[in-house]
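# Understanding the architecture of this molecule
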Amino acid sequence: MDIGIFIQILVWGLYAGCIYILLAIGLNLIFGVMKVVNFAHGELLMLGAYAVFWIHTYSRIDPYLVLPLAMLLMALLGVCIERLGFRPIMGTGKLNEIFLSLGLIYLFQNLVAFLWSTSSRSIHSPYGDVSVTAGSMKLPLDYLIIIIVTIVFLIGFQLFMKKTTPGRAMRATSQNREAAKLMGINVERMDMLSFALGSALAAAAGSLWLISGQLINPYMGAIPAIKAFAIIIIGGLGSIPGAIIAGLTLGIAENVAPLFMQSLANLFGFSMSFTAWKDTIAFFVLIIVLVLRPTGIFGEKGE
Amino acid sequence: MKLDRLKLERMNPKAFVGVGSLMLAFSIPLILGINTYLLTVLIILLVFIIYSSAWNLLALSGQGSLGHAAFFGLGGYASAIFANSLGLPPLATIPVGGLFAAIIGVLIGLTCIRMREWFLAMVTFGFAIIAHTITAELSWLTGGWNGIPAKRLIPVTIPNYIVYEYYIMLFVAVAVLVVIYLIMKSRIGLALEAIRENELEAKVMGINVTKYKLMAFAVSAFFTGIAGALEIHHFAYITPEVYAIDISFWPIIYCISGGLFTLEGPILGTVIITILDEGLKHLGLTYGRLILIGLILILVVIFLPKGFVSITRKIKSKLSSGHIPK
């Protein structure tokens, strides 16, 4: 196999991994603080992408500058979802959270389909034609920007969680809700904050996906959200380094594995394409990991 | 005459409603004549009553599957392929579809037993996607993305075939519901509920958690496979679309809106949501109806966690509390 192609696929996987990590970190934060799982997290990614699409289409502002606005809008929506949806059902059983998310998925997907039809949309990034040449390979500049933006977000997020008072209060809440309450932390405000941050990160993921030239449609959120969920299971619920490692691994594995399987098949004299297996790989990995370790690789025992 | 009235009064009102609706279902083609559209809707309704009741049985054990479409599709494909390759009539191959789904169900169940709710939801969801890909890629067997034709349950050449199909569906649905009722009333049903409420305590009480959870998976997958086989032999065609995410989600919506963990909940939910869905479809609300159904789901989860079934119970308790005994 040509090493140049291999590296190109590696970068592609890194870029896909960044999108997954942004989603997974948000899900992980919400899970840590509230101990609920929002399966409708992917819908926030989708809405974030649509927000950038419409603002950019009407105002022609550089989509990278629209990104913070989309994040703010989704943070507000996240707070609404938390207050109106998840808070009333907290503590009524894990199945209810899954069912509520299902309702949210139906609501948002079809609302967008109703308002803006189901046709796929895309925007042309201002840097879409620029690519960086390194040796024998050419990389789109947008991919590099996305990788850098993700790193910046991750560092910012980590600093926020470690150094600021609200960040520390959120970590305390996720460690022990009752004790945090006794220490005078307004845990319900922490719930809201975690939802706002998580939603903003999901919006960032969706917007970056759109800006890098991908197509968006009302149903785009489901599969990435489920993969993000797989990532936090593999990486361990509540573990942020785990989510980063698992996200990168999944992004790369998804893109390298079909190629690997193809060359393996060629070796045995078959000529087959395995690109259709891309989405399947994440779940194969997930099932294998969960069979071997029901609490995830980096997860602690119990809750 | 007096004796009859006494008997009627003594009869369980639930059984009364059950027998009444069964008689209504039985007499619909007799009263309304042969209306192909109506009978088609009713046939799909019956398929989904079987399907959501099967999903509910698994949920009874605390295992909420997000990928039941896998069993629905596997049952359909197994039955279609068997019927085509061996030249058997669909009625003979439908149980084969169910059995195939049950075997896969036990295998999936084995991976899920130790998992918590979200993990199980994820694994079952992922399994539906894996089944989708594998089915689409095995084109020599399954026809790939184009699918394969399946035999019609009753050949179209027979006059009034749709009426026969309707009665077959009705018969299977009633049989499945009776079996599920018996399971829920038996020690098995109690054991499943105990596991759902507190797995550790159930284990301490001497319940073999592994055995019962696997049993729930097998029975649920079996009936789901039967529902899938019935549906594709009605449409006479099957494609990988049968694994669509929507197909996994519909039984959940029906069960929650109707009332989880009850026998009548999935039936009531399927009937109400299907009527609503069909009605809104006729008004031309393509996405509006799904928005509304999403909203109903959210509102039911928050404000009516026991589903529509609990409305009748609430009314009944209000009526009986206001009732002055003679």
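A brief report on the enclosed structure follows. The structure presented is a predicted model; accordingly, all values stated were derived computationally and were not measured.

Procedures and definitions
Residues numbered from 1 in each chain as written. Chains lettered and ligands numbered in written order. Predicted model: local features only at pLDDT ≥ 70, side-chain atom pairs only at ≥ 80, totals over all residues. Helix = DSSP H or I, 4+ residues; strand = E, 2+ residues; numbered from the N terminus. Rg over C-alpha atoms; globule rule 2.2 N^0.38 Å. Buried ≥ 20, exposed ≤ 12 C-beta atoms within 10 Å, placed from the backbone. Contact = placed C-beta atoms within 7 Å. Nonpolar A, V, L, I, M, F, W, Y, C, P; charged D, E, K, R; others polar. Axes fitted to C-alpha atoms, helices over the stretch in contact; angles between N-to-C directions. Parallel < 35°, antiparallel > 145°, perpendicular 65-115°, else oblique. Left-handed = near helix turned anticlockwise from the far one by under 90°. Core = buried A, V, L, I, M, F, W, Y, C linked by C-beta atoms within 7 Å. Expected span 1.5 Å × (residues − 1).

### Observations regarding the overall build of chain A
For chain A, the count of helices and strands is 11 helices and two strands. Starting at the N terminus and ending at the C terminus, chain A contains elements arranged as α-α-α-α-β-β-α-α-α-α-α-α-α. The C-alpha radius of gyration computed for chain A amounts to 20 Å, which stays within 12% of the reference 19 Å derived for 303 residues, consistent with globular compactness. A principal-axis box enclosing the C-alpha atoms of chain A has dimensions of 65 × 50 × 40 Å. Looking at the 303 residues of chain A, the share that counts as buried comes to 47%.

### Points about the overall build of chain B
Along chain B, the regular secondary structure elements total 15 helices and two strands. Compactness check: chain B gives a C-alpha radius of gyration of 21 Å against a globular reference of 20 Å for 326 residues, within 12% of the reference. Oriented by its inertia axes, the alpha-carbon framework of chain B measures out at about 75 × 55 × 40 Å. Every one of the 326 residues in chain B was classed for burial, and the buried ones make up 48%.

### Topic: the interface of chain A and chain B
Between chain A and chain B, the residue contacts involve 36 residues of the former and 33 residues of the latter. For the side of chain A that touches chain B, the secondary structure elements donating two or more residues are α3 (63–89), α4 (94–116), α9 (222–235) and α11 (278–292) of chain A. Residues belonging to the side of chain A that touches chain B are distributed by class as follows: 28 nonpolar, six polar and two charged.

### Brief notes about the packing of helix α3 (residues 36–60) of chain B against helix α13 (residues 264–282) of chain B
All names here are of chain B. At a minimum axis distance of 9 Å, the contact between α3 and α13 shows a crossing angle of 140°. When the interaxial angle is binned, α3 and α13 end up oblique. For the element pair α3 and α13, the recorded crossing hand is right-handed. Across the interface between the two elements, V41, L45, F48, I49, S52, S53 and N56 from α3 touch G265, P266, I267, G269, T270, V271, T274 and E278 from α13. Looking at side-chain class alone, the contact of α3 with α13 contains seven nonpolar, seven polar and one charged residues.

### Side note on the environment of P29 of chain B
Residues and elements named next belong to chain B. Here P29 lies in helix α2 (residues 13–32). Overall, the presence of 20 C-beta atoms within 10 Å leaves P29 in the buried class. Put simply, P29 and Y77 are 48 residues apart on the chain and 30 Å apart in space, counted from C-alpha to C-alpha. Here P29 is in contact with I34, L39, V163 and Y166, once residues within four sequence places are set aside.

### Concerning the nonpolar core
One finds L23 of chain A together with I50, M122 and L297 of chain B to be the most contacted residues of the largest nonpolar core, which totals 195 residues. The contact partners of L23 of chain A, leaving out residues within four places of it in the chain, are H41, L45, A202, A205, P224, A225 and A228 of chain A.

### Things to note about the environment of F217 of chain B
Relative to the helices and strands, F217 of chain B is located in helix α11 (residues 209–235). For F217 of chain B and K203 of chain B, which are 14 residues apart along the polypeptide, the C-alpha to C-alpha distance reads 18 Å.

### Here's the deal with the environment of I180 of chain B
Residue and element names in this part refer to chain B. Note that I180 resides in helix α8 (residues 161–185). Put simply, I180 and L263 are 83 residues apart on the chain and 7.7 Å apart in space, counted from C-alpha to C-alpha. Not counting residues within four places of it along the chain, the set of residues in contact with I180 comprises S53, L57 and L263.

### Brief notes about α3 of chain A
Given a rise of 1.5 Å per residue, 27 residues ought to cover 39 Å, and the 37 Å separating the end C-alpha atoms of α3 of chain A matches this to within 8%. Just downstream of α3 of chain A, G91 of chain A is the residue with a positive phi angle, here 80°.

### With respect to helix α2 (residues 41–59) of chain A
All names here are of chain A. Over its 19 residues, α2 extends 27 Å from the first C-alpha to the last, a length consistent with the 27 Å expected when each residue adds 1.5 Å. Summarising burial for α2: 14 of the 19 residues are buried, a large majority. Where α2 terminates, the next one or two residues include R60, which has phi positive at roughly 60°.

### Brief notes about the packing of α13 of chain B against helix α14 (residues 288–303) of chain B
Residues and elements named next belong to chain B. For the pair α13 and α14, the least separation of the axes is 9 Å and the interaxial angle reads 150°. The orientation of α13 relative to α14 falls into the category roughly antiparallel. Two packed elements cross with a definite hand, and for α13 against α14 that hand is right-handed. Between α13 and α14, the contacting residues are I273, D277, L280 and K281 on the first element and G288, R289, L292 and I293 on the second. A breakdown of the residues in the contact of α13 with α14 according to their chemical character gives four nonpolar, one polar and three charged.

### What about unusual backbone geometry?
Phi at K35 of chain A takes a positive value of approximately 60°, unusual for a residue other than glycine. As for its placement among the helices and strands, K35 of chain A is situated in the loop between α1 (3–34) and α2. Classification of K35 of chain A by C-beta neighbours within 10 Å gives partly exposed; the count is 16. Phi at N160 of chain B takes a positive value of approximately 60°, unusual for a residue other than glycine. Locating N160 of chain B in the fold gives a position in the loop between β1 (148–149) and α8. Using a count of 12 C-beta atoms within 10 Å as the deciding quantity, one classes N160 of chain B as exposed.

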